[in-house]
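Descriptive structure summary
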Amino acid sequence: QVQLVESGGGLVQAGGSLRLSCAASGSIFSINAITWYRQGPGKQRELVAAIPRGSSPNYADSVKGRFTISRENAKNTVYLQMNSLKPEDTAVYSCHLDITRVGGGTTFAWGQGTQVTVSS
């Protein structure tokens, strides 16, 4: 069984930066695909950034040029670097991983989310 824990959220002023982390634990052979989502108050869940299988990173138009998605496979951790933050970025951010387990088999895991609040 794979579990994810997000961290790195907090309160920042507009124009500031945060780096979100998503640490995976369990019997993990590889991380195949990564997606970061966010959901603001009264809003639907929105895809923010992703690395699909065999593809380059892609981003929502609202965060292009400001956010960067990456991975550190040796630590089974993925990141979302967020720069030039805006009040509109305020939301709960969560990660979704497509994982190949040791010995084979695929699992999809969600984290609990971390709150990001950007003051205006």
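Residues numbered from 1 in each chain as written. Predicted model: local features only at pLDDT ≥ 70, side-chain atom pairs only at ≥ 80, totals over all residues. Heavy atoms only, no water.

Now for the overall build of the chain. Across its full length, the chain holds zero helices and 11 strands. Mapped from its N terminus to its C terminus, the chain presents α and β elements in the order β-β-β-β-β-β-β-β-β-β-β. On C-alpha atoms alone, the chain measures out to a radius of gyration of 14 Å, which is about the 14 Å that the 2.2 N^0.38 rule sets for 120 residues. With respect to the principal axes defined by its C-alpha atoms, the chain has extents near 50 × 25 × 25 Å. Looking at the chain as a whole, 42% of its 120 residues qualify as buried. (Helix = DSSP H or I, 4+ residues; strand = E, 2+ residues; numbered from the N terminus. Rg over C-alpha atoms; globule rule 2.2 N^0.38 Å. Buried < 20%, exposed > 50% of the residue type's maximum accessible area, 1.4 Å probe, protein only.)

Positive phi values are uncommon outside glycine, yet Asn76 reaches one of about 50°. As for its placement among the helices and strands, Asn76 is situated in the loop between strand S7 (67-72) and strand S8 (77-82). For Asn76, a relative accessible area of 22% gives the class partly exposed. Backbone geometry places Ser84, a non-glycine residue, at a positive phi of 50°. By the secondary structure assignment, Ser84 is in the loop between S8 and strand S9 (91-101).

For Ser21, the position within the fold is in strand S3 (residues 18-25). Residues in contact with Ser21, not counting those within four places in the same chain, are Val5, Glu6, Ser7, Trp36, Thr77, Val78 and Tyr79. (Contact = heavy atoms within 4.5 Å.)

What follows deals with the nonpolar core. In terms of nonpolar packing, the biggest core is built from 30 residues, with Trp36, Leu80, Met82, Tyr93 and Leu97 touching the most fellow members. Residue assignment for this core shows that the elements contributing at least two residues are S3, strand S4 (28-39), strand S5 (46-51), S7, S8, S9 and strand S11 (114-119). The greatest single-element share of this core, amounting to five residues, is contributed by S9. Sequence-distant contacts of Met82, defined by excluding residues within four places in its chain, comprise Gly16, Ser17, Leu18, Leu20, Arg66, Phe67, Tyr93 and Val116. (Core = buried A, V, L, I, M, F, W, Y, C linked by side-chain atoms within 4.5 Å.)

This part covers the state of the cysteines. Enumeration over the complete set of coordinates arrives at one disulfide. Put simply, Cys22 and Cys95 are joined by a disulfide, and their sulfur atoms are 1.8 Å apart. Between Cys22 and Cys95 the sulfur-sulfur dihedral comes to about 60°; the bridge is accordingly right-handed. In this pair, Cys22 sits in strand S3 while Cys95 sits in strand S9, placing the two residues 73 residues apart along the sequence. Its relative accessible area of 0% is what places Cys95 among the buried residues. (Disulfide = S-S within 2.5 Å.)

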